[in-house]
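# Fold and contact review
What follows is the residue order along each chain.
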Amino acid sequence: MDRSRVFVALWLHTIGFHGDRMRRRSFLSCIAAAGLVGRAKFEFAQNASSQDLLHVETQTIPHWRGFNLQWERRHTDETQPAFQEFDFATMQEWGFNFARLPLSYWIWGSPKDWTYINETPLKEIDRAIALGKQYGIHINLNFHRIPGYCINGRELEPADLFTGRKEERERALTAAVFHWRTFAKRYKEIPSEQLSFDLINEPPKMRSYEGAFQERYVEVARALITAIREEDPKRLIFSDGINIGQNPVIEFAEWNIVQCTRGYQPKAVSHFGASWVPKDEYETMKPPTWPLLDDKGIFWDRARLKQEYVDKYKLLTNKGVQIHVGEWGSYNKTPHGVVLAWMSDSLSVWKEAGWGNSLWNLRGDFGVLDSGRQDVAYEEFRGHKLDRKMLELLRNA
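Residues numbered from 1 in each chain as written. Predicted model: local features only at pLDDT ≥ 70, side-chain atom pairs only at ≥ 80, totals over all residues. Heavy atoms only, no water.

### Details of the confidence of the model for the protein
- In the predicted model, the protein carries a mean pLDDT of 86, and the fraction of residues at 70 or more is 82%.
- In the model, residues 1–50 has pLDDT below 50 throughout and makes 63 contacts with residues more than four positions away in sequence or in other chains. (pLDDT = per-residue confidence, 0-100. Contact = heavy atoms within 4.5 Å.)

Structure follows, in structure tokens:
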């Protein structure tokens, strides 16, 4: 082992993760200047034991179906639960068995000090895992915001995990490894039947001149997977595809992880009226229909969905790689009849392929409860407004 890494470990052990923040910042500045942070990553990628950790026994996942559940606690109110027991109980009642929790490291950490860990909010994640066990719901922890990257507000990070100067990329990667290693240590006694990790939400969109993004993503994923398996060799790991989660990463085929994909195509249907989506991601700006003819003359129907969702992953599935649709759904501005027809085709394609899925979200603009659609005859359900037609589509898939 590199003596520099021993020095880093001894220092962190001496001051503790909750110790003097100024001393930790000064220390990290010193090691960054000395080039030690950048070297830490290469140990994960190059030594023989780390390579062995990338090739653990293949794990076959059940047909997991469910929802994304968002963190709800406000920073100013530590008495508010971050996750509602109602959600877990309702999912069990309806026959679902999977909850993806998209998390921001800002919840327990800080962009101002990437070594800072606040124990209090982690207890809410502990509680969510316990609720999952109680109600038979598999919990999938996803870093929606990881040190150095988030699909939303990426510029708010102090250094970028994918672009910019090499020393900044490596500083972000070292922090990302630190946070995933913290989770791996904390939850190593919980079996993979109950808990899995999802590394990074929606890696950057690749354009023709940005091919290096995939190489960098593979490099980042390798470091994170190795760090997790050094602490917890049997942990089940998911990793999103490249290009905002939409395209397969062939390099993952040998690492025995689950590839996580998306179900948002075409965006003209799934995100009609969504102000946060760049216009160049839409196939057409015309009011959505299903099937849909886009501005390039491409006809979107079930056959096209199969091509986009399933066929492009055959290089992975032919090697035995498990696929799961980590997010999908349609914003509440798309006409309800169009949404249901599109959802029906999407679900049938995934069911035929044997893939599970998790809708974004259970309660909210994309969900089956309290979605705020203007063209739905909602059913009252324990204080919530239920989209019964959408629910039954999901239950029968």
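### So, the environment of Ser196
- Following the sequence through the fold, Ser196 ends up in strand β5 (residues 195–198).
- In the structure, Ser196 is positioned 40 residues away from Leu236 in sequence and 5.0 Å away in space, judged by C-alpha atoms.
- Residues within four places of Ser196 in sequence aside, it is in contact with His138, Ile139, Asn140, Leu141, Arg235, Leu236 and Phe238.
- Looking at Ser196, its side chain comes within polar contact range of the side chain of Asn140, at 2.8 Å. (Helix = DSSP H or I, 4+ residues; strand = E, 2+ residues; numbered from the N terminus. Polar contact = N/O pair within 3.5 Å; in protein donor to acceptor, adjacent residues only side chain to side chain.)

### Considerations on the pairing of strand β3 (residues 138–146)
- Of all nine residues in β3, nine are buried; the element is thus mostly enclosed.
- Pairing between strand β2 (residues 98–104) and β3: seven bridges, direction parallel. Note on β3: the bridge partner recorded for Pro102 is Asn142.
- As a crossover connection, the stretch from β2 through helix α6 (residues 119–135) into β3 is right-handed.
- Sheet analysis places β3 next to β5, joined by four bridges and oriented parallel. Among the inter-strand pairings, Ile139 is bridged to a residue of β5, identified as Leu195.
- Pairing of β3 with strand β4 (residues 149–150) involves two bridges; the strand directions are antiparallel. (Buried < 20%, exposed > 50% of the residue type's maximum accessible area, 1.4 Å probe, protein only. Pairing = 2+ DSSP bridges. Right-handed = clockwise from strand over helix to strand, strands pointing away.)

### Thoughts on the pattern of salt bridges
- Inspection of the entire model under this criterion finds 29 salt bridges.
- Notably, a salt bridge pairs Lys267 with Glu281, separated by 2.6 Å at the nearest N-O pair. Taken together, the residues Lys267 in helix α10 (residues 267–270) and Glu281 in the loop between α10 and β8 (292–293) connect sequence positions 14 residues apart.
- Of the residues examined, Lys267 reaches a relative accessible area of 8% and is grouped as buried.
- In this structure, the salt-bridge partner of Lys312 is Glu308, at a minimum N-O distance of 3.4 Å.
- Its relative accessible area of 13% is what places Glu308 among the buried residues. (Salt bridge = Lys/Arg side-chain N within 4 Å of Asp/Glu carboxyl O.)

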